[in-house]
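# Working through the structure, step by step
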Amino acid sequence: MIARCCSPGLSSASLEITDSVSGGDTSSTGVFSGNLSLDMSEGSPWRIRRSGFCGMRSKKFDGYIDLDSYDTIAMKLRGDGRTYISTIYTENWVNSPGQEEDNSWQAFVYVPHGSWRILKIPLDSYLPTWKGNVIEANMEMNPSRVVGMSLSLNAEGGVPGAKTGPGDFRLDVDWIKAMRSL
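Residues numbered from 1 in each chain as written. Predicted model: local features only at pLDDT ≥ 70, side-chain atom pairs only at ≥ 80, totals over all residues. Heavy atoms only, no water.

### Focus on the environment of V147
This is how the line gets drawn: Each helix is a run of H or I in the DSSP string that is no shorter than four residues. Each strand is a run of E no shorter than two, and both are numbered from the N terminus. When accessible area is computed with a 1.4 Å probe and restricted to protein chains, residues below 20% of their type maximum are described as buried, those above 50% as exposed, and intermediate ones as partly exposed. Only heavy atoms enter the contact rule, under which two residues are in contact if any of them lie within 4.5 Å.
With respect to the helices and strands, V147 occurs in strand β11 (residues 146–154). Note on V147: relative accessible area 4%, which makes it buried. A sequence separation of 85 residues divides V147 from D62, and the C-alpha atoms of the two residues are 7.8 Å apart. In this view, V147 contacts K59, K60, F61, G63, Y64, Y89, T90, E91 and D102; residues no more than four positions away in its chain are not counted.

If you want it as structure tokens, here you go:
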């Protein structure tokens, strides 16, 4: 299965999911890849202020996923030396009533080029964000009300020493799990 995304900017991305069978067990792996562009479409009806972003988000879950008994998100990834962003979306309880958007909590995921790595992100390391900017407030995520998750990347920013700028990207995803580290 291949899902493609596009935006009013000129960056492009796809998520290709492949099923494999080994010893009677079926597993799926994904490849999130594409091209980050800092260019914008001429004459676009969209009022774009920033470019160089690609992301893939889960469908909004039917109900909630309760991660309250877990303290870590673990991922087995093979990267390209870029910094990716792991986002957890929770039911809106931080912002004003009537606001439609879910709360987002983000953490950087640096994936060195080449080999598979298992990365562990404590849930309390995810920072509250609004449109990609950290909210300077003392808030805690409600892990019992998760409504979605995503992986994304920006052309600029991230971990010092990581690959940045426009160009091709590729992130192989073997699995993503919630776990208890204690």
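### Considerations on the environment of S11
The residue S11 is located in the loop between β1 (2–6) and β2 (12–22) in this model. Since its relative accessible area comes to 6%, S11 is described here as buried. On a C-alpha basis, the gap between S11 and L36 in space is 4.6 Å, while along the polypeptide they are 25 residues apart. Here S11 is in contact with N35, L36, S37, G52, F53 and C54, once residues within four sequence places are set aside.

### Things to note about the pairing of strand β12 (residues 167–179)
Put simply, the rule is: The rule for pairing is simple: two strands pair if DSSP sees at least two bridges between them.
Both strand β3 (residues 25–36) and β12 contribute to a ladder of 7 bridges, which runs antiparallel. From the neighbouring strand, V31 faces β12, where its bridge partner is D172. Pairing analysis gives 7 bridges linking strand β5 (residues 72–78) to β12, with the strands arranged antiparallel. Within β12, the residue paired with M75 across the bridge is I176.

### A look at the packing of aromatic side chains
Just so we agree on the cut-off: For this analysis, a ring pair means two rings from Phe, Tyr or Trp (six-membered ring only for Trp) whose centres lie within 6.5 Å, classed as stacked if their planes differ by under 30 degrees, edge-to-face if by over 60, and tilted for the remaining angles. Definition used: whenever NZ (Lys) or CZ (Arg) falls within 6 Å of the ring centre and also within 35 degrees of the ring normal, the charge is taken to sit over that ring.
For the structure shown, the criterion picks out 2 aromatic pairs. In textbook terms, an aromatic cluster arises when at least three aromatic residues are bridged by ring pairs, as seen for F32, Y84 and F169. If you follow K177 out to its NZ or CZ, it ends over the ring of W175, 4.3 Å from the centre.

### Considerations on the pattern of salt bridges
Going by this rule: Salt bridges are counted wherever a side-chain nitrogen of Lys or Arg sits within 4 Å of a carboxyl oxygen of Asp or Glu.
Within this structure, the stated rule accounts for 5 salt bridges. When the shortest N-O distance is used, the salt bridge between K76 and D174 registers 3.5 Å. Of this pair, K76 sits in strand β5 while D174 sits in strand β12, and the two are 98 residues apart along the sequence. Note on K76: relative accessible area 25%, which makes it partly exposed. The partly exposed category is assigned to D174, whose relative accessible area is 23%. Among the ionic pairs, E91 bridges to R145, the shortest N-O distance being 2.9 Å. Placement of E91 in the loop between β6 (83–90) and β7 (103–110) and of R145 in the loop between β10 (133–134) and β11 is noted, with a sequence separation of 54 residues between them. On the basis of relative accessibility, which here comes to 25%, the residue E91 falls in the partly exposed class. In this structure R145 comes out as partly exposed when scored by relative accessible area, which is 28%.

### Focus: the side chain of D71
Let me state the cut-off plainly: Contacts described as polar in this section are N or O atom pairs within 3.5 Å, which, within protein, must combine one atom able to donate a hydrogen with one able to accept it, while residues neighboring in sequence count only if both atoms come from side chains.
Inspection of the secondary structure assignment puts D71 in the loop between β4 (53–57) and β5. At a separation of 2.9 Å, a polar atom in the side chain of D71 contacts the main-chain amide nitrogen of S181.

### A few points about the side chain of T72
Locating T72 in the fold gives a position in strand β5. Side chain to side chain, T72 and D71 meet in a polar contact 2.9 Å long. Beyond its immediate stretch of four places on either side in the chain, T72 contacts K120, I121, P122, L123, K177, A178, M179 and S181.

### Comments concerning the nonpolar core
Formally: Here the nonpolar core consists of buried residues drawn from Ala, Val, Leu, Ile, Met, Phe, Trp, Tyr and Cys, with membership extended through side-chain atoms lying within 4.5 Å.
Core analysis: the largest hydrophobic core is formed by 27 residues, its most contacted members being F32 and Y126. Of all the elements in the fold, those that place two or more residues in this core are β3, β4, β5, β6, β7, β8 (116–122), β11 and β12.

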